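Spelled out, the chains give:
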Amino acid sequence: MLKEYRHPVPFSLEAGGQLAELTIAYHTFGSLNVDRSNVVWVCHALTANSDVADWWPHTVEKDCFLDPGKWFVVCANIIGSPYGTTSPLSADPATGEPYYGDFPLVSIRDIVRAHRLLASHLEIDRIHVLVGSSVGGFQALEWLAQEPERFDKSVLLATDAYASPWTIAIDETQRMAIESDSTYGERRPDAGMAGLAAARAIGLLTYRGGSGYNITQREKDGFNPLEDVHRPCTYQRYQGEKLCNRFNAYSYMSILNSFDTHDVGRGRGGIAEALSKVKAETVVIGLSTDIIFSPQEMKALCAMIPGAQYFEIDSEFGHDGFLVEHVQLNNILTPFMNR
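Residues numbered from 1 in each chain as written. Predicted model: local features only at pLDDT ≥ 70, side-chain atom pairs only at ≥ 80, totals over all residues. Heavy atoms only, no water.

K.L.:
Where do I start with helix H3 (residues 135-146) in this structure?
P.N.:
Taking 1.5 Å as the rise per residue, H3 with twelve residues should run 16 Å; its terminal C-alpha atoms sit 17 Å apart, in good agreement. Most of H3 sits out of view: eleven of its twelve residues are buried. (Helix = DSSP H or I, 4+ residues; strand = E, 2+ residues; numbered from the N terminus. Expected span 1.5 Å × (residues − 1). Buried < 20%, exposed > 50% of the residue type's maximum accessible area, 1.4 Å probe, protein only.)

K.L.:
Teacher, can you tell me more about the sheet that holds strand S4 (residues 22-29) here?
P.N.:
What holds strands together in a sheet is hydrogen bonding between their backbones, with the strands either parallel or antiparallel. The eight strands lie next to each other as S1-S4-S6-S5-S7-S8-S9-S10, forming an open sheet whose pairing is mixed. A single partner strand is all that each edge strand has here, and the edge strands are strand S1 (3-7) and strand S10 (309-313). Neighbour-to-neighbour, the strand axes of this sheet turn through a mean angle of 20 degrees, independent of strand direction. Here strand S8 (residues 151-157) runs beside strand S9 (residues 281-287); their pairing, made up of five bridges, is parallel. Pairing of lysine 153 across the sheet is with glutamate 281, part of S9. Strands in contact with helix H9 (residues 295-303) are S8, S9 and S10; relative to S10, the strand with the most contacts, it is inclined by about 165 degrees. (Pairing = 2+ DSSP bridges. Axes fitted to C-alpha atoms, helices over the stretch in contact; angles between N-to-C directions. Contact = heavy atoms within 4.5 Å.)

K.L.:
Looking at this structure, I do not really get the side chain of aspartate 160. What am I missing?
P.N.:
Residue placement: aspartate 160 occurs in the loop between S8 and helix H4 (165-179). Of the side chains with opposite charge, arginine 268 comes closest to the buried, unpaired aspartate 160, at an N-O distance of 13 Å. With residues up to four places along the chain from it excluded, the contact list for aspartate 160 reads Phe138, Leu141, His262, Phe293, Glu297 and Leu301. (Lys, Arg positive; Asp, Glu negative; His and termini not counted. Salt bridge = Lys/Arg side-chain N within 4 Å of Asp/Glu carboxyl O.)

K.L.:
Just checking my understanding: could you explain H4 for this structure?
P.N.:
Within an α-helix, residues lying three or four positions from one another point in the same direction, as the helix has 3.6 residues per turn. Its 15 residues place the ends of H4 20 Å apart at the C-alpha level, agreeing with the 21 Å of an ideal helix rising 1.5 Å per residue. Along H4, the residues classified as buried are Thr167, Ile170, Asp171, Gln174, Arg175, Ala177 and Ile178. Considered in projection along H4, the buried side chains sweep an arc of 155 degrees and stay on one side of the axis. In H4, the exposed positions that point more than 90 degrees away from the buried face belong to Pro165 and Met176. At its buried positions, H4 is contacted by helix H5 (193-216) and helix H7 (249-259). (Arc of directions from axis to C-beta.)

Listed below in structure tokens is the structure:
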């Protein structure tokens, strides 16, 4: 069930300014045990929401690594996202109208401070396992740096300790697509939708990579390239339309901008110094064909976290493999969670 926490005072932002009102949408699964020692906090990725069971198949199930019969699983929707937390489509109390393009820059550190507020509201002091994948991993790493004593264990999937030039370039290409839509900037929730669809199509190329597309988008027998529309073409347009039906360009831009602020070493003496303070028993998981966060980068991340273990999921589905390869994922994480 979707729940809400309303922060009673304005929320100051790292880049300056504030959100006069902050609402955080969240889901919980399972029940807290008597000593509150079974909390698992999941940080979600770019266009996901707080309903982990909705976007992460075969994880919030009996005998899986987020088994709600064992764990009290919490996931909070991030600032900027349109799934219940304060976002560009929320009303600005100063005007009574949605923020739209006036929504302020929110950093990954701001998002983590919001998680901390929710944890305090829920009276959760200790978190047994912190889980973050992709942009969720950005949040997890930042939280580990802010409060290294709070966590027993952490799971970092397909992520990195900073937004690399490569990942920022991917984001900028998507921003260019949205900004090329002449309706973007208009003060209405459906502004920039053609640009958003194009941005999503660009993003999908990096999520799946060539191997994923070559498996899933091959033409069927009888295809005639002189008359028929190519299957990858219809797939790209379908996926762009699908995102437009559940998201908006302003929220997408806000989260991309948050993504680019990520650097766990900023102001902490560098990445290696920041990660050397991590106290949680940590598992780092890479994906064999991920072209956003390569296995080499994941191994380098693992090497900087004291005592961390590295595992690699063999998948043809690139970065999206963490959403697809649930059998391999559960085989790695269920023993780690239960140990």
